[in-house]
Amino acid sequence: MPISAAPFADPEGVVPEILPGVHQVDGVDPSPDFTTHVYLVKDPGLTWTLIDTGLPGSEVAIGAYLAKHQIAPTSVSKILVTHLHRDHTGGLKEVVRLTHAKTYAHWLEAAFIQCDPPYDGPGSPPAEPFEVTERLKDGDTVDAAGGLVVYHTPGHTPGHTAYYHPERKILFSGDLFFGDGGKPILTVPDYTHHTPSAIVSARRVAQLRVESLLTYHGGPFVKGAGAPLRALAATL
Ligand SMILES: [Zn+2]
């Protein structure tokens, strides 16, 4: 089954979602060659959840996006972080200042986001120390976006985490996978702490029922992502 790397067709530009209730925030990409997909997801009530926050300065684009869609910044009540790298955590401090949201990360990654101890692996470390509100562990469920299950997926970084919505079969995969040439690939070695761990993590989440694979760089794959995900895992 072909996979889609494109958002919904929307000639009027009225519906900004890539999936119902799931937005890909415009304007946070540092360049056309380096996409950074910050996702804004509707909760069942009146609130919203952000997945990752982009590079330092991204609060300007995130604030503009919220204003454009008439979403009050304070209705963003939670920010879930996939991992420590600066292009995911750089906007945390200022986006929290804007929204007053609670922040969540795996307990292992939370220490590195706080720079205690400083992270010495590949990829850029956090721009500044940040203390998350809630430290997660594998198997936790976060009351966000209708209930997201925490999957500790080490490899790209030690505490890298993917967030999975079981009913909607949506996997927010952070940098465990990148989108490349219209299909998912495993995190690339130059930015990966430990590739064998990433392989084990990829095999694990490929066993989930996934319809939408929402990657951070490249992609996202909004429909039919399970088959290519399983095909990738079979090659690892
Ligand atoms: Zn990364």
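The numbering scheme is per chain: residues are counted from 1 as the chain's sequence reads. Reporting of local features is limited, given that this is a predicted model, to residues whose pLDDT is at least 70; pairs of side-chain atoms are given and counted only at 80 or more, and all residues count toward the totals for whole chains, interfaces and linings. Each side-chain value is derived from all of the structure's non-hydrogen atoms; neither hydrogens nor water enter the calculation.

1. So, the coordination of the zinc ion
The condition is simple: Donor atoms: N, O and S within 2.8 Å of the metal, or within 3.2 Å for Na, K and Ca. Because water is excluded, sites can look incomplete. By the criteria applied here, four donors are tetrahedral when all angles lie between 85 and 135 degrees, four are square planar and six octahedral when opposite donors are over 155 degrees apart and every other angle lies between 65 and 115, and any other arrangement is irregular.
Protein-derived ligands of the zinc ion are His-83 (NE2), His-85 (ND1), His-156 (NE2) and Asp-175 (OD), with the metal-ligand distances lying across 2.1 to 2.3 Å. For the zinc ion, the 4 donor atoms in the first shell make angles of 88 to 172° at the metal, a pattern classed as irregular.

2. Looking at the sheet that holds strand E1 (residues 17-19)
Defined as follows: Paired strands are those between which DSSP finds at least two bridges. Only DSSP runs of H or I covering at least 4 residues are called helices, and only runs of E covering at least 2 are called strands; the numbering of each starts at the N terminus. Where helices are involved, their axes are fitted lines through C-alpha atoms of the stretch in contact, as for all axes, and angles between N-to-C directions lie from 0 to 180°. Whether two residues are in contact is decided by their heavy atoms, any of which lying within 4.5 Å being enough.
An order of E1-E2-E3-E4-E5-E6-E7 is seen for the 7 strands of this open sheet, with the pairing classed as mixed. Looking at strand neighbours, the two that pair on one side only are E1 and strand E7 (134-136), the edges of this open sheet. The mean inter-strand angle of the sheet, taken between neighbouring strand axes irrespective of direction, is 30°. Across 3 bridges, the pairing between strand E2 (residues 22-24) and strand E3 (residues 39-42) is antiparallel. Its bridge partner lying in E3, Gln-24 is registered against Tyr-39. The strands that helix H3 (residues 92-99) touches are strand E4 (48-51), strand E5 (76-80) and strand E6 (102-106); relative to E5, the one it contacts most, it runs at about 165°.

3. Observations regarding the environment of Asp-29
With respect to the element layout, Asp-29 can be found in the loop between E2 and E3. Residues Asp-29 and Asp-87, spaced 58 residues apart in sequence, show a C-alpha to C-alpha distance of 9.6 Å. With sequence-adjacent residues up to four places away left out, Asp-29 is seen in contact with Phe-34, Thr-35 and Thr-36.

4. Description of the nonpolar core
Condition: As used in this record, nonpolar core signifies buried Ala, Val, Leu, Ile, Met, Phe, Trp, Tyr and Cys residues forming a set joined through side-chain atoms within 4.5 Å. Working definition: with a 1.4 Å probe on protein chains only, accessible area under 20% of the residue-type maximum means buried, over 50% means exposed, and in between means partly exposed.
One finds Val-25, Val-38, Leu-40, Leu-50, Ile-62, Ile-79 and Ile-113 to be the most contacted residues of the largest nonpolar core, which totals 27 residues. Sorting the residues of this core by element identifies E4, helix H1 (58-68), E5, H3 and helix H4 (107-113) as the ones contributing at least two each. Sorting elements by how many residues they give to this core places H1 first, with 4 residues. Each residue touching Leu-50, except ones within four places of it in the same chain, is listed here: Val-25, Val-38, Tyr-39, Leu-40, Ile-62, Val-76, Lys-78, Ile-79, Leu-80 and Val-95. Ala-162, Ala-198, Leu-232 and Ala-233 belong to the second largest nonpolar core, which has 20 residues in total.

5. Focus: the packing of H1 against H3
Which entries qualify depends on this criterion: Angular relationships are summarised with four words: roughly parallel below 35 degrees, roughly antiparallel beyond 145, roughly perpendicular across 65 to 115, and oblique for the angles in between. The crossing is said to be left-handed when, going from far helix to near helix, the turn is anticlockwise and less than a right angle, and right-handed when the turn is clockwise. Note on residue classes: Ala, Val, Leu, Ile, Met, Phe, Trp, Tyr, Cys and Pro are nonpolar, Asp, Glu, Lys and Arg are charged, and everything else, Gly too, is polar.
The N-to-C vectors of H1 and H3 enclose an angle of 30°; their axes lie 9 Å apart at closest approach. In terms of orientation, H1 lies roughly parallel with respect to H3. Where H1 crosses over H3, the handedness of that crossing is right-handed. Facing H1, whose interface residues are Glu-59, Ile-62, Gly-63 and Leu-66, H3 presents Glu-94, Val-95 and Leu-98. Along the lines of polarity and charge, the residues of the contact of H1 with H3 split into 4 nonpolar, 1 polar and 2 charged.

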